[in-house]
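What follows is the residue order along each chain.
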Amino acid sequence: MRAEQHSAEPFLRLVESFTPESRPDVMWLTGGEPLVRPRLVTQLAGRAREAGTTTALLSGMWFAERGPSDSVARALRAVDHVSASIDRFHEAEVPRAAVLAQLRDLLDEGRSVSVHLVVDRPGDPYLGEAVGDIRTVLDDRCPVHVSVLAPVGRGGDIAQAALARASTGADPCELASWPVVVYDGTVIACCSQLAVDGPAPEHLRLGHAAADTWEVIRYRALTSPTVRALRTYGPGWIADRHGGGACDGYCETCMSLSNDPAVSVRVGAHMQRPGIDLLERHAAAAMPEARQWVDPPFGELLELGRRPAA
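Values in this document were obtained by computation on a predicted structure and should not be read as measured data.

The number of helices and strands found in the chain is 14 helices and 8 strands. Considering only intrachain contacts with a sequence separation of at least 6, the fraction spanning at least 24 residues in the chain is 72%. Carbon and sulfur atoms provide 53% of the accessible area of the chain, an area that totals close to 16400 Å².

If you want it as structure tokens, here you go:
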């Protein structure tokens, strides 16, 4: 609540550049906590909808115990989908029962909701306990996305695991797939916490919301040779073949790629080679198949609310 607050104008300006012909299908508002700026959330969702963009919001539901203020309630009605973060750390501040009661109210109003549940490990007893409550209170009407805590980003300080050295084999990056507008309006090609916290390296920068339109940012995201290479090969492969060497950690290796300007030159030449476009399409098509749920029930939890209960 006491953090610096940047002007709303760059964010509104960027969303105003959406058109029915050129826009993201989904605008995802996360944080931090987007609902500490409920008026901005309402404005962004309204302007995005005019262009045909759906807005989803991820919240820690900090208001759940006392109930939403009028401005937060308006923001919740303005977006198309509300997802609640639930984990041990959020529950230390906001009771799970209060969060589920708010989600039930939204469901009863006909709203689209989901839960983003983070657990320590696949066999974590917390998983069964939390999922049981979610399914009971929300009548199996709410999809649950389960993530396992990993030693990256904010989880680096709390996850009990060592960072592995980045592989030098091809390991396409799933995070360099969607332009991310960070808190000061800078637009980057990655949702890694390292990049979001900044300063983002030059090869991940796509522009700034105060100066660039969606069409310009989209073009850069699709044509940047280094970003394309990250999506196709991953940072370890790039560092091993084009300079820099792998660091301790997948994202850490990526963040170091701009340290040597010659790397981007070599990557640019590589991405111009014949047949690279075919390889890119293959890597993009294979990406969903490469994601495997740690535990089969996780996939079933995503289907809750999307089909009639058995």
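This brings us to the confidence of the model for the chain. Here the chain averages 87 in pLDDT, and 87% of its residues register 70 or above. Note on residues 289-294: pLDDT is under 50 here. Beyond four places in sequence and across chains, it has 8 contacts.

Before going further, it helps to spend a moment on the layout of surface pockets. Roughly 360 Å³ of volume is contained in the second largest pocket. As for the second largest pocket, its lining consists of 19 residues, and the residues nearest its centre are Ser 177, Pro 179, Trp 214, Arg 218 and Leu 222. For the lining of the second largest pocket, the element with the most residues is helix 8 (residues 214-223), which contributes 5 residues. Looking at the lining of the second largest pocket, its residues break down into 11 nonpolar, 2 polar and 6 charged.

Once that is clear, we can look at the pattern of salt bridges. Tallying each qualifying case throughout the model produces 17 salt bridges. Note that Arg 88 is salt-bridged to Asp 120, the shortest N-O span being 3.1 Å. Here Asp 120 lies in the loop between strand 4 (112-119) and helix 6 (125-137) and Arg 88 lies in helix 4 (residues 88-91), a separation of 32 residues in the sequence. Across the pair Arg 135 and Asp 140 runs a salt bridge whose closest N-O atoms are separated by 2.7 Å. Looking at Arg 135, the relative accessible area reads 36%, which means it is partly exposed. The exposure class of Asp 140 is partly exposed, given its relative accessible area of 23%.

The subject of this paragraph is helix 2 (residues 38-51). Between the first and last C-alpha of helix 2 there are 21 Å, a value that for 14 residues agrees with the 20 Å anticipated at 1.5 Å per step. Three or more residues of helix 2 are buried, namely Pro 38, Leu 40, Val 41, Gln 43, Leu 44, Ala 45, Ala 48 and Ala 51. Turning to helix 2, the residues buried within the fold contact helix 1 (9-16), strand 1 (26-29), strand 2 (54-59) and helix 3 (70-78). Once helix 2 finishes, Gly 52 follows within two positions and takes phi at roughly 100 degrees, a positive value.

This paragraph deals with the environment of Cys 173. Looking at where Cys 173 falls in the secondary structure, it is placed in the loop between strand 5 (144-148) and strand 6 (180-181). Look at Cys 173 and you get buried, because its relative accessible area is 9%. Here the alpha-carbon distance between Cys 173 and Arg 231, two residues 58 residues apart in the chain, equals 4.9 Å.

Each value, and the rule that gives it
Residues numbered from 1 in each chain as written. Predicted model: local features only at pLDDT ≥ 70, side-chain atom pairs only at ≥ 80, totals over all residues. Heavy atoms only, no water. Helix = DSSP H or I, 4+ residues; strand = E, 2+ residues; numbered from the N terminus. Contact = heavy atoms within 4.5 Å. Areas by Shrake-Rupley, 256 points an atom, 1.4 Å probe, with all protein chains shown as cover. pLDDT = per-residue confidence, 0-100. 1 Å grid on protein atoms, 1.4 Å probe; cavity = no way out; pocket = protein on both sides within 12 Å on 5 of 7 lines; lining within 4 Å. Points joined across faces, edges and corners; volume = space filled by probe spheres on them. Nonpolar A, V, L, I, M, F, W, Y, C, P; charged D, E, K, R; others polar. Salt bridge = Lys/Arg side-chain N within 4 Å of Asp/Glu carboxyl O. Buried < 20%, exposed > 50% of the residue type's maximum accessible area, 1.4 Å probe, protein only. Expected span 1.5 Å × (residues − 1).

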